[in-house]
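Commentary on secondary and tertiary structure
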Amino acid sequence: MSVQITTLSNGFRIVTEYMPALESAAVGIWIEAGARHETEAQNGIAHFLEHMAFKGTARRSALQIAEEIEDVGGYINAYTSREMTAYYARVLKADVALALDVLADIVLNQAFEPREIEIERGVILQEIGQTLDTPDDIIFDWLQEAAYPGQPIGRSILGPSAGVAGFKEADLRQFVGAHYGPGQMILSAAGAVDHDALVRLAEALFGHLAPKPAGEIPSARFHNGERREDRMLEQAHFALAIEAPDYCADDFYASQVFSGALGGGMSSRLFQRLREDRGLCYTVFAQSGAYADTGMITIYAGTGADEIGDLAHLTMDELKRAAEDLSEAEVARARAQMKAGLLMGLESPSARAERLAKLLSIWGRVPDLSEAISRIDAVTVAATRAHGRDLLTRSRMALALYGPIRRAPRLLQLSERLAA
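Worth saying up front: this structure is predicted, and the values here are computed from it rather than measured. (Residues numbered from 1 in each chain as written. Predicted model: local features only at pLDDT ≥ 70, side-chain atom pairs only at ≥ 80, totals over all residues. Heavy atoms only, no water.)

Considerations on the sheet that holds strand 1 (residues 2-7)
The strand order across the open sheet formed by six strands is 1-2-6-3-5-4, and the pairing between neighbours is mixed. Bordering the open sheet on either side are strand 1 and strand 4 (75-80), each of which pairs with just one other strand. Each neighbouring strand pair of the sheet contributes to a mean axis angle of 15°, computed without reference to strand direction. For strand 4 and strand 5 (residues 85-92), the ladder comprises six bridges, and the chain directions are antiparallel. Looking at the pairing, Tyr79 lines up with Ala86 of strand 5. On the sheet, helix 13 (residues 349-363) packs against strand 1, strand 2 (13-18), strand 3 (24-31), strand 4, strand 5 and strand 6 (185-191) and is oriented at approximately 145° with respect to strand 6. (Pairing = 2+ DSSP bridges. Helix = DSSP H or I, 4+ residues; strand = E, 2+ residues; numbered from the N terminus. Axes fitted to C-alpha atoms, helices over the stretch in contact; angles between N-to-C directions. Contact = heavy atoms within 4.5 Å.)

Take a look at the structure:
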């Protein structure tokens, strides 16, 4: 596999990875503009723009956008995260130029017709309503808000209904004008792709764009926060966040290994203790996520009204115990899960294209896969335990609870249990 990177004179970046065994390719435009780049009044507008990309351009109707890709058997989609917005397609190698032309069109030439804005506004409001009706979705938004209150990184990606209901064409165009500059864009492709050909296409489609300065975003500040919503539901939903390293930190991989050993699978401590030994829940997991300047380990479980107290307390006990006595076998298993997840995921050109874009955005380069593997392998038992102790000593945590939670302890009580 060979990774190639080219930057146009206006700052637009092209990164590709040729996969010789494939007859198809994944190609996309990743833009360094997500929910974190919004003001409070704009919250939800990056996601709104993602939806509007498929509602028509100056050259194509919404139906033509879908037909041109699907007529050749392809697939097109998009997503919004807190730090990026992505528009991507999967096509056969003969149709890469077509896919890129369509993607460039929907990114650069959105029509923003008033009727389509109103239609999509209704769709997004339904999406927000669906999320609010799904406890094991909304609780993670609440946890993010509790951890980063009053900050762009703590706000919902979908935004509040009241804000979405008020967005106008001018608001959409203003956000595009401020954040969709060539220096904020990455064309990433993997599979049956020709790097030089893509560079020529990118020059023709994006080379005319004038550079724009990247907007400043406030630094993230993790807080000890708590959100509780007592509702008559079948389950009590428990979500705990512990401040963790950002994705460039030296202990990033130690944090990933620690969270994997704690709750990364059926053999993990939380699964074995809370579900298998005590039968307190059906679903329980821990995972480590990261951003440019912060991160969090998230623990989630769903349980009954009578069991929520025991579940919360045992979770803290397992956290504390893991920081002291994780075994070589547990750490080795967590490392193996990480490596397998990484390597299995990269059998897909779509996953490879996404990885290329994210790494280029984070590091300004694409580290070789062997570099990631070696850093995972370098995480020792001692380093994993030390990282766990450091996390718990600082004790910066956030808590979100939803459902029949009257018997659930407060965050302060959980912190005191850790310190005892």
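After that view of the structure, there is still more to cover.
A look at the sheet that holds strand 9 (residues 284-290)
The strand order across the open sheet formed by five strands is 7-11-8-10-9, and the pairing between neighbours is mixed. At either end of the open sheet lies a strand with only one pairing partner, and these are strand 7 (225-230) and strand 9. For this sheet, the mean angle separating the axes of adjacent strands, direction not counted, is 15°. Strand direction decides the pairing type here: strand 8 (residues 236-244) and strand 10 (residues 295-303), joined by nine bridges, are antiparallel. Bridge assignment links Ala244 to a residue of strand 10, and that residue is Gly295. Here helix 15 (residues 381-394) sits on the sheet in contact with strand 8 and strand 10, set at roughly 105° to strand 8. Along the sheet, helix 16 (residues 411-419) contacts strand 7, strand 8 and strand 11 (397-403); its crossing angle with strand 11, the most-contacted strand, is approximately 130°.

Let's talk about the pattern of salt bridges
Within the structure shown, the criterion is met by 35 salt bridges. In this structure, Asp293 engages Arg36 in a salt bridge whose closest nitrogen and oxygen atoms are separated by 2.8 Å. In this pair, Asp293 is assigned in the loop between strand 9 and strand 10 and Arg36 in the loop between strand 3 and helix 1 (45-52), connecting sequence segments 257 residues apart. The partly exposed category is assigned to Asp293, whose relative accessible area is 30%. For the salt bridge of Glu318 with Arg273, the shortest nitrogen-to-oxygen distance reads 3.5 Å. Here Glu318, found in helix 11 (residues 308-325), pairs with Arg273, found in helix 10 (residues 269-277); they are 45 residues apart in sequence, far enough to count as distant. Bridged by salt links that share partners, the residues Arg269, Arg273, Glu318, Arg321, Asp325 and Glu330 form one connected network. (Salt bridge = Lys/Arg side-chain N within 4 Å of Asp/Glu carboxyl O. Buried < 20%, exposed > 50% of the residue type's maximum accessible area, 1.4 Å probe, protein only.)

Remarks on the pairing of strand 6
Among the seven residues that make up strand 6, seven are buried, leaving the element largely enclosed by the rest of the structure. The two faces of strand 6 match: Met185, Leu187, Ala189 and Gly191 on one face and Ile186, Ser188 and Ala190 on the other face are all buried. In this sheet, strand 6 lies alongside strand 2 in parallel orientation, the contact comprising six bridges. Bridged to Tyr18 within strand 6 is Gly191. Where strand 3 and strand 6 come together, seven bridges link them in antiparallel fashion. The residue bridging Ile29 from the neighbouring strand is Leu187, located in strand 6.

Regarding the packing of aromatic side chains
Working definition: an aromatic ring pair is given by the centre-to-centre distance plus the angle between the planes. By the definition in use, this model includes nine aromatic pairs. Plain terms: the ring middles of Phe140 and Phe285 are 6.4 Å apart, the flat faces sit at 25° to each other, and that makes the pair stacked. With Phe140 in helix 5 (residues 135-147) and Phe285 in strand 9, this pair connects stretches of sequence that are 145 residues apart. On the accessibility criterion, Phe140 (27% relative accessible area) is partly exposed. Between Trp142 and Tyr402, the aromatic rings sit 4.7 Å apart at their centres with planes inclined by 75°, giving edge-to-face as the arrangement. (Phe/Tyr/Trp six-rings, centres within 6.5 Å; stacked < 30°, edge-to-face > 60°.)

Let's talk about the environment of Arg365
Counting through the fold element by element, Arg365 comes out in the loop between helix 13 and helix 14 (369-377). Sequence separation between Arg365 and Gln287 is 78 residues; the distance between their C-alpha atoms is 26 Å. Residue contacts for Arg365: discarding those within four places in its chain leaves Ile5, Leu359, Leu360 and Glu371. Side-chain polar atoms of Arg365 contact the side chain of Glu371, separated by 3.1 Å. (Polar contact = N/O pair within 3.5 Å; in protein donor to acceptor, adjacent residues only side chain to side chain.)

Concerning the pairing of strand 11
Across the seven residues of strand 11, seven count as buried, placing the element largely inside the fold. Note: strand 7 against strand 11, six bridges, orientation parallel. Bridge pairing in strand 11 places Glu226 opposite Leu399. In the sheet, strand 8 pairs with strand 11 via six bridges, with the strands oriented antiparallel. Looking across to strand 11, one finds that Leu240 is bridged to Leu399.

Here's the deal with the packing of helix 10 against helix 11
For the pair helix 10 and helix 11, the least separation of the axes is 10 Å and the interaxial angle reads 145°. Of the two possible hands of crossing, helix 10 and helix 11 adopt the one that is right-handed. Contacts between helix 10 and helix 11 involve Arg269, Leu270, Arg273 and Leu274 on the former and, on the latter, Leu311, Leu314, Thr315, Glu318, Arg321, Ala322 and Asp325. Partitioning the contact of helix 10 with helix 11 into residue classes produces five nonpolar, one polar and five charged. (Left-handed = near helix turned anticlockwise from the far one by under 90°. Nonpolar A, V, L, I, M, F, W, Y, C, P; charged D, E, K, R; others polar.)

What to know about helix 12 (residues 328-345)
Helix length check: helix 12, at 18 residues, gives a terminal C-alpha distance of 26 Å against a target of 26 Å (1.5 Å per residue), a fit within 8%. Among all positions of helix 12, only Glu330, Val331, Ala334, Arg335 and Met338 are buried. Angularly, the buried residues of helix 12 cover 135° about the axis, an arc narrow enough to put them on a single face. Where the residues of helix 12 are buried, they touch helix 9 (252-263), helix 10, helix 11, helix 14 and helix 15. (Expected span 1.5 Å × (residues − 1). Arc of directions from axis to C-beta.)

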